[in-house]
Amino acid sequence: MRHNLVTISRRLLGTQSLGKQTKAEPVTGDPRCSFYHQDVDVLHYAAELFEGLKAYRGVDGKIRIFRPELNMARMRRTAVRASLPDFDSQELIKLIVEMLRVDKDWVPNSETASYYIRPTMIGTDPTLGVGASSEAKLFVIGGPVGPYYATGFKPVSLLADSRYIRAFPGGVGAFKMGCNYAPTIAISNNAARDQNCQQIMWLYGEDEQITEAGTMNIFALWKNKEGDLELVTPPLDSGLILPGVTRQSLLDLARLWNECKVSERPFTMRDVTDALKEGRLLQLFGAGTAAVVSPIGEIVHQQNGQFVRMKIPTMDANPNLMQRLYQTIANIQYGREQMPGWTVEC
């Protein structure tokens, strides 16, 4: 990553009054120069949160950030859940814009690369007591990145194994916290080693509800049992799903086009298996900031200790809604198409 840092430090006047904060001027510097006491909350109780968004150098040379207000809204919701302080969304966006103006030469001039932005907030109370942080630091790091998957825009294979879950009702699966990610890494590594899968299809419950695909939201395009063409993704009301910015953008576009039914509802491995057997399943794909859209070509489903491989016809589907959604998002990000309110120019 580029060694560029925008940081805002806030000292709270009271642990129960997170709105009463002292103001601090932003500073820039090398993130390697940030040191904390070994007792700080973030190191012991995972008092932290983060966001991920990108800036793109458009075909016209302008640098654009994609829908940052949605990231800021999610970040503020997560801060409440993590007992960390609130902040002004527009002020942080202004700081990120200024950081990109300073770092503009590091924004790639390529349509397969971008500039990744990682706003982060950590609890910095130097105490071992369990409680809301009375001190916190909000900072942003950024740098140029290439494609998320080394295979590029090619279908990935997912392991679906209900013995492992990512989130549960009442937990923090709907919030972007580091504690949601570390426990999944060993499962993903094992899936790659043992089943040659790039990611996990996270399931929940005895009926094996499909929730997410690795670190992405998941979509299915199929002919439903009523014969209607339907784009479906799991709903947010269960608390199991991270409300992704790309997820929301794909839903917004599909509803704008009004060419198929668009649903946010639960669906299960049985639904996918039945649709595949009956020739109704057209596409499965993940959606997220890192990969934008990632086609799913195979599911390796663990069934009573046996692993069943299911080929998904995502790349052969007609209509290829996934490709159209991907291209439209890319066109907006790189300035070929305009969608009012979806980008912030730097």
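Just above, that's the structure.
Definitions and cut-offs
Residues numbered from 1 in each chain as written. Predicted model: local features only at pLDDT ≥ 70, side-chain atom pairs only at ≥ 80, totals over all residues. Heavy atoms only, no water. Helix = DSSP H or I, 4+ residues; strand = E, 2+ residues; numbered from the N terminus. Expected span 1.5 Å × (residues − 1). Buried < 20%, exposed > 50% of the residue type's maximum accessible area, 1.4 Å probe, protein only. Salt bridge = Lys/Arg side-chain N within 4 Å of Asp/Glu carboxyl O. Axes fitted to C-alpha atoms, helices over the stretch in contact; angles between N-to-C directions. Parallel < 35°, antiparallel > 145°, perpendicular 65-115°, else oblique. Contact = heavy atoms within 4.5 Å. Nonpolar A, V, L, I, M, F, W, Y, C, P; charged D, E, K, R; others polar. Phe/Tyr/Trp six-rings, centres within 6.5 Å; stacked < 30°, edge-to-face > 60°.

A. Inspection of helix 7 (residues 321-333) at higher detail. An ideal rise of 1.5 Å per residue puts 18 Å on 13 residues; helix 7 measures up with 18 Å between its terminal C-alpha atoms. Those residues of helix 7 lying buried are Leu321, Met322, Leu325, Thr328, Ile329, Ala330, Asn331, Ile332 and Gln333. Just past helix 7, the residue glycine 335 takes up positive phi, approximately 80°.

B. Inspection of the pattern of salt bridges at higher detail. Summed over all chains, the structure comprises 20 salt bridges. Residue aspartate 274 is joined to arginine 270 by a salt bridge in which the shortest nitrogen-to-oxygen separation is 3.2 Å. Of this pair, aspartate 274 and arginine 270 both sit in helix 6 (residues 269-277), 4 residues apart, which is roughly one turn of that helix. What makes aspartate 274 buried here is its relative accessible area of 17%. Residue arginine 270 is classed as exposed on the basis of its relative accessible area, which comes to 58%.

C. Highlighting the packing of helix 5 (residues 245-257) against helix 7. At a minimum axis distance of 11 Å, the contact between helix 5 and helix 7 shows a crossing angle of 110°. It follows that helix 5 is roughly perpendicular to helix 7 by the angle criterion. Contact with helix 5, carried on its side by Ser249, Leu250, Leu253, Ala254 and Trp257, involves Leu321, Arg324, Leu325, Thr328 and Ile329 of helix 7 and no other residues of that element. Looking at the contact of helix 5 with helix 7, its residues break down into 7 nonpolar, 2 polar and 1 charged.

D. Fine view of the packing of aromatic side chains. One pass over the structure, following the stated rule, counts 5 aromatic pairs. Their ring planes at 75° and their centres at 5.2 Å tell us that tyrosine 56 and tyrosine 334 sit as a pair that is edge-to-face. In this pair, tyrosine 56 sits in strand 4 (residues 53-57) while tyrosine 334 sits in the loop between helix 7 and strand 17 (343-345), placing the two residues 278 residues apart along the sequence. Classification of tyrosine 334 by relative accessible area gives buried; the value is 5%. Considering the side-chain rings of phenylalanine 66 and tryptophan 342, the 6.0 Å spacing of their centres and the 85° angle between planes classify their relative orientation as edge-to-face. Of this pair, phenylalanine 66 sits in strand 5 (residues 63-66) while tryptophan 342 is found in the loop between helix 7 and strand 17, placing the two residues 276 residues apart along the sequence.

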